[in-house]
Structures are given as C-alpha cells and as structure tokens.
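# Breakdown of the fold
Residue strings, one per chain:
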Amino acid sequence: MPGISMRYIVDDVDAAVEFYTRHLGFSVALRPAPSFAILTRDGFRLFVSGMTGPGGASQAMPDGRKPEPGGWNRIQIEVKDLEADVVALRQAGARFRNEIVQGIGGKQILLDDPAGNPIELFEAPKR
C-alpha cells in the first residue's frame, strides 16, 4: 500500500469507523482487526488505531509515553457549505472545539471525532 496516510489513535475503533463513514463520507477500505481500520476518501487514507492491540501504533515509547488521541495535528476536509455542514453535524451530536473562524484564506472550524482527534472543516472563499 504505497502512498501517504495519516494515523489517528482512537479509544474506540468502531465509533471512529461509524463517525467517519456516516458523517464525513469515508469508506472502509480494510478492517483486518478490531483494533485497526483503513478508511479512504478522495484518495486519502486515514488509519484509525486503537490504544491496545498487537500493532506498533499502541505501543509505549522507550521513555514510557503512550500514544493517545486528541492532539492538535489534524486532517483538513474541504466542504462547499460550512455553515450547513456544521448545523447537520451539531444535530447529529458532533462536538466542535470552536466556532467558525473567518480568515483571508476562507472559513474553518475544528470538529472532534469520538476520540477527540480534530478534523478541520474548511470552506474556500467564493470566487
């Protein structure tokens, strides 16, 4: 599987798969174990890895630190109508870290997945 992928550590792989496929248009490309799934959207691959299991993603570092969900690095998903998507996601119970921010490059908001990993929803300025 050559190419570039992003990995998110999650506390519940089933909840992550449900969230990304139901609300953000991802598809399950591979689900070889309960603690791991590969999701795809528009050529992008997102690996969701549980905090336990045999794989390397959940293993403690030599200094004792363990991978955990909820940092600030994030994937960005471009949307056509940010306000409408935010309304729909809020109605579905999704959590956001902030309100919509307007900048010179467009509008954005940070959505948390069920494990607290951020997803930036971005709307480019209308041309």
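This write-up is about the structure you can find in this document. The shown structure was predicted, so the numbers you read here are calculated from the model rather than taken from an experiment.

Before going further, it helps to examine the nonpolar core. Core analysis: the biggest nonpolar cluster contains 26 residues, and Tyr20, Leu24, Val48, Leu111, Ile119 and Leu121 have the highest contact counts within it. Listing elements by their share of this core, those giving two or more residues are strand E1 (5-10), helix H1 (13-23), strand E3 (36-41), strand E4 (44-50), strand E5 (75-78), helix H2 (82-91), strand E8 (106-112) and strand E9 (118-123). Among the elements that line this core, the one with the most residues is H1, at five residues. In this structure, leucine 111 is in contact with Phe19, Leu24, Leu89, Ala94, Arg95, Phe96, Asn117, Pro118, Ile119 and Leu121, ignoring residues within four places of it in sequence.

If the charged atoms of two oppositely charged side chains come close together, the side chains can form a pair. One pass over the full model with this rule turns up 10 salt bridges. Where glutamate 18 meets arginine 22, a salt bridge forms, and the shortest distance between an N and an O atom there is 2.9 Å. Residue glutamate 18 and its partner arginine 22 are located together in helix H1, separated by four residues, close to a single helical turn. Salt-bridge contacts for arginine 41 lead to aspartate 42; the nearest nitrogen and oxygen are separated by 3.3 Å.

What follows covers the environment of histidine 23. Turning to its location among the elements, histidine 23 is positioned in helix H1. Taking the C-alpha atoms as reference, histidine 23 lies 9.3 Å from aspartate 85; in sequence the two are 62 residues apart. With near-sequence residues (within four places) excluded, histidine 23 lies in contact with Glu18, Leu89 and Ala92.

The subject of this paragraph is H2. Burial in H2 covers these residues: Leu82, Val86 and Leu89. For H2, the angular spread of the buried residues around the axis is 70°, confining them to a single face. Contact partners of the buried residues in H2: H1, strand E6 (95-96), E8 and E9. Where H2 ends, the next residue or the one after it, glycine 93, has phi of about 95°, a positive value.

Looking only at H1, the buried set comprises Val13, Ala16, Val17, Phe19 and Tyr20. Seen from one end, H1 has its buried residues packed into an arc of 165°, which puts them on one side. Exposed and oriented more than 90 degrees from the buried face of H1 are Asp14 and Arg22. With a side-chain oxygen lying 3.1 Å from the backbone nitrogen of aspartate 14, the N-terminal cap of H1 falls on aspartate 12.

Turning our eyes to something else, we now look at the packing of aromatic side chains. Applying the stated criterion across every chain, the model contains four aromatic pairs. On the basis of an interplanar angle of 70° and a centroid distance of 6.5 Å, the ring pair of phenylalanine 26 and phenylalanine 44 is categorised as edge-to-face. In this pair, phenylalanine 26 is assigned in the loop between H1 and strand E2 (27-33) and phenylalanine 44 in strand E4, connecting sequence segments 18 residues apart. Classification of phenylalanine 26 by relative accessible area gives buried; the value is 5%. Phenylalanine 44 sits in the partly exposed class, given a relative accessible area of 28%.

What counts and what doesn't
- Residues numbered from 1 in each chain as written.
- Predicted model: local features only at pLDDT ≥ 70, side-chain atom pairs only at ≥ 80, totals over all residues.
- Heavy atoms only, no water.
- Core = buried A, V, L, I, M, F, W, Y, C linked by side-chain atoms within 4.5 Å.
- Buried < 20%, exposed > 50% of the residue type's maximum accessible area, 1.4 Å probe, protein only.
- Helix = DSSP H or I, 4+ residues; strand = E, 2+ residues; numbered from the N terminus.
- Contact = heavy atoms within 4.5 Å.
- Salt bridge = Lys/Arg side-chain N within 4 Å of Asp/Glu carboxyl O.
- Arc of directions from axis to C-beta.
- Polar contact = N/O pair within 3.5 Å; in protein donor to acceptor, adjacent residues only side chain to side chain.
- Phe/Tyr/Trp six-rings, centres within 6.5 Å; stacked < 30°, edge-to-face > 60°.

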